[in-house]
Amino acid sequence: MSLPRQDERHEQFVDRPIVVSAAFEGSEEIAEARDLARDFLTAVQARHGLPVSSRVMGTVQLTVSELVTNARKYAPGPCLLTLQVEDGAIQVAVWDSSTTLPLILPPDPTRIGQHGLEIVMAVCQAFTVQRKPVGKRISVSIVLADDPGGDVAGRQVM
């Protein structure tokens, strides 16, 4: 039996996804979803050496909170949160049992409430909604690191 060379072992490790998932059934578990996101990103940084800025840490927790809140509020049954790191970004996905697609309202500072998806869309680099055989899945992508020059990653100063 021959052992893989050092470079081959490293590539095998890099090719494995860094992912965590959890199901949530109650509104009180929204804080647990935020904690899961924080703990996951802390582990990604500590164990895998990937940069995670404090801005990204807060943005991911906010995004998780908004998406899980909407799933718990508008869909019966549990929701499933999946966090996955790939290509320098974290993919946040929330599945719920409702087939009703979210209504994304235009910005309105006079409106009370219903700003969650507006906020999520403002902070992520990609946003998708997919109908599934049962329910739907909302996915967003957030770049892990800010630009070394100080600009927020994925955003350009106008």
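Look a little higher up for the structure.
These lines cover the structure that appears in this document, whether it is placed above or below.

Cut-offs and rules
Residues numbered from 1 in each chain as written. Predicted model: local features only at pLDDT ≥ 70, side-chain atom pairs only at ≥ 80, totals over all residues. Heavy atoms only, no water. Helix = DSSP H or I, 4+ residues; strand = E, 2+ residues; numbered from the N terminus. Buried < 20%, exposed > 50% of the residue type's maximum accessible area, 1.4 Å probe, protein only. Contact = heavy atoms within 4.5 Å. Areas by Shrake-Rupley, 256 points an atom, 1.4 Å probe, with all protein chains shown as cover. Pairing = 2+ DSSP bridges. Axes fitted to C-alpha atoms, helices over the stretch in contact; angles between N-to-C directions.

1. Here we look at the overall build of the chain
Okay, so step 1: Of the regular secondary structure elements, the chain holds 4 helices and 5 strands.
Okay, so step 2: Order of helices (α) and strands (β) in the chain, N terminus to C terminus: α-β-α-α-β-β-α-β-β.
Okay, so step 3: Taken across its 158 residues, the chain has 34% of its residues classed as buried.
Okay, so step 4: The contacts in the chain between residues at least 6 apart in sequence include a share of 60% that link residues at least 24 apart.
Okay, so step 5: Summing over all exposed atoms, the chain offers an accessible surface of approximately 9,700 Å²; the carbon and sulfur share of this is 55%.

2. Overview of the sheet that holds strand E4 (residues 126-131)
Okay, so step 1: The sheet built from 5 strands is open, its strands ordered E1-E2-E3-E5-E4 with antiparallel pairing. Among the strands making up the open sheet, the edge pair consists of strand E1 (18-24) and E4. Along the sheet, successive strands turn relative to each other by an average axial angle of 15°, direction set aside.

3. A short note on the environment of Ile 142
Okay, so step 1: Along the chain, Ile 142 turns up in strand E5 (residues 136-143).
Okay, so step 2: Taking the C-alpha atoms as reference, Ile 142 lies 6.6 Å from Gln 91; in sequence the two are 51 residues apart.

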